[in-house]
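What follows is the residue order along each chain.
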Amino acid sequence: MIKRDDLLHQDFNGNKARKFYHFLETDLSKIDTIVSYGSNQSNAMYSLSVLAKLNNINFIYYTNHIPSFLIKEPIGNYKEALENGMQVIVGEYDKYNIDIQNLKTTLLIQEGGAIQEASFGIKLLADEIATYIEENHLDNIKIFLPSGTGTTALYLQKYLKNEVLTCACVGGDDYLKKQFLELESDEDNYPTILKKEKKFHFGKLYRSNYDIWLELIKEINIEFDMLYDPIGWQTLFYNQDKYDLNNILYVHQGGVKGNITMIQRYERKFK
Ligand SMILES: *Cc1c(COP(=O)(O)O)cnc(C)c1O
């Protein structure tokens, strides 16, 4: 079973929409600028650009590097965020360098939306899943979703009775646990981290990632994101003897706008 959280809204979908939902429902009239940082094709960057545009406020985004082809011809999340009015600063984000006087009117968002406010929107996702479980008498089902910062998995586990399974896509398992700790001290609320078959470097191209991504389109006709989900599915298959796939609800967390550049890279490498 798959929870299609990618179909939430055309411009505001997937787990970043859930994470930033709090700000959609909050009065931001005293805020004039949103500041964040991260990679140049980040899904969080795109969703924040939508939020800034909706509220008619500035959005400043720090990123370490923008390749020349992307500057010449913007595509994907980067293109759409620029169209929404994002101002890009190439360089290291330094929270100590932000003008203190402006802090009251500036909303700082940690990379990837790893913020406590995210719990508000993720609780709504948990409630939807709980209703689905109840209506379909799926009491023993387990929930699976791949993690970056781990924010979504952590808060889902906090609000769901069913066990939440995840895997670390960005760093190792220890890094992911550290991320949980940043947001929540109660270890009873932590999701279960499944072991991966091998180590993946985030954003690097792997034949197996591309193959499983293509396979999912062919077999179930669903496009998944290419950074997290291929690792997620491989990890689920790897743990099949312990966790029966028929007993798993997989959460599709959106992010397919970022696929354009990944598809180009994969086709250049493997076609
Ligand atoms: C951001 C993102 C993730 C990771 O979410 P975290 O809450 O940071 O763990 C996973 N999948 C997709 C598609 C994403 O955009």
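Residues numbered from 1 in each chain as written. Predicted model: local features only at pLDDT ≥ 70, side-chain atom pairs only at ≥ 80, totals over all residues. Heavy atoms only, no water.

What exactly am I supposed to notice about the packing of helix α2 (residues 43-55) against helix α4 (residues 76-83) here?
Working note: a packed helix pair is described by the angle between its axes plus the distance between those axes. At a closest axis distance of 9 Å, the pairing of α2 and α4 adopts a crossing angle of 20°. Viewed along their axes, α2 and α4 adopt a mutual orientation that is roughly parallel. The handedness of the crossing between α2 and α4 is left-handed. Facing α2, whose interface residues are N43, M45, Y46 and S49, α4 presents N77, Y78, E80 and A81. (Axes fitted to C-alpha atoms, helices over the stretch in contact; angles between N-to-C directions. Helix = DSSP H or I, 4+ residues; strand = E, 2+ residues; numbered from the N terminus. Parallel < 35°, antiparallel > 145°, perpendicular 65-115°, else oblique. Left-handed = near helix turned anticlockwise from the far one by under 90°. Contact = heavy atoms within 4.5 Å.)

Just to check I follow, could you spell out empty space enclosed by the protein for this structure?
To find leftover empty space, a probe the size of one water molecule is rolled over the atoms. Summed over all chains, the structure comprises one cavity of 30 Å³ or more. Each pocket or cavity is described by its volume, and for the largest cavity that value is around 40 Å³. Taken together, F200, H201, F202, G203, K204, Y206, N209, M226, L227, I231 and M262 form the lining of the largest cavity. Residues that form the lining of the largest cavity fall into these classes: seven nonpolar, three polar and one charged. (1 Å grid on protein atoms, 1.4 Å probe; cavity = no way out; pocket = protein on both sides within 12 Å on 5 of 7 lines; lining within 4 Å. Points joined across faces, edges and corners; volume = space filled by probe spheres on them. Nonpolar A, V, L, I, M, F, W, Y, C, P; charged D, E, K, R; others polar.)

What am I meant to see in the site of the ligand here?
Lining the immediate surroundings of the ligand are 15 residues, of which K16, N43, G148, T149 and T152 lie closest. Within the side chain of N15, a nitrogen or oxygen atom sits 2.8 Å from an oxygen atom of the ligand. At the level of elements, α1 (14-24) and α6 (151-159) are the ones that each hand at least two residues to the shell around the ligand. Tallying contributions element by element places α1 first for the shell around the ligand, with three residues. (Near = heavy atom within 4 Å. Polar contact = N/O pair within 3.5 Å; in protein donor to acceptor, adjacent residues only side chain to side chain.)

Would you mind showing me how to read unusual backbone geometry here?
Keep in mind that most residues, glycine aside, have a negative phi and that most peptide bonds are trans. Of note, H137 is a non-glycine position whose phi angle comes to about 50°, a positive value. If you trace the backbone, H137 turns up in the loop between α5 (118-135) and β6 (142-144). Since its relative accessible area comes to 67%, H137 is described here as exposed. The phi dihedral of N221 is positive, around 60°, even though this residue is not glycine. The topology assignment puts N221 in the loop between α8 (207-220) and α9 (229-238). Judged by relative accessible area, N221 falls into the exposed class, the value being 66%. (Buried < 20%, exposed > 50% of the residue type's maximum accessible area, 1.4 Å probe, protein only.)

Functional significance is not addressed by these values, which are geometric in nature.
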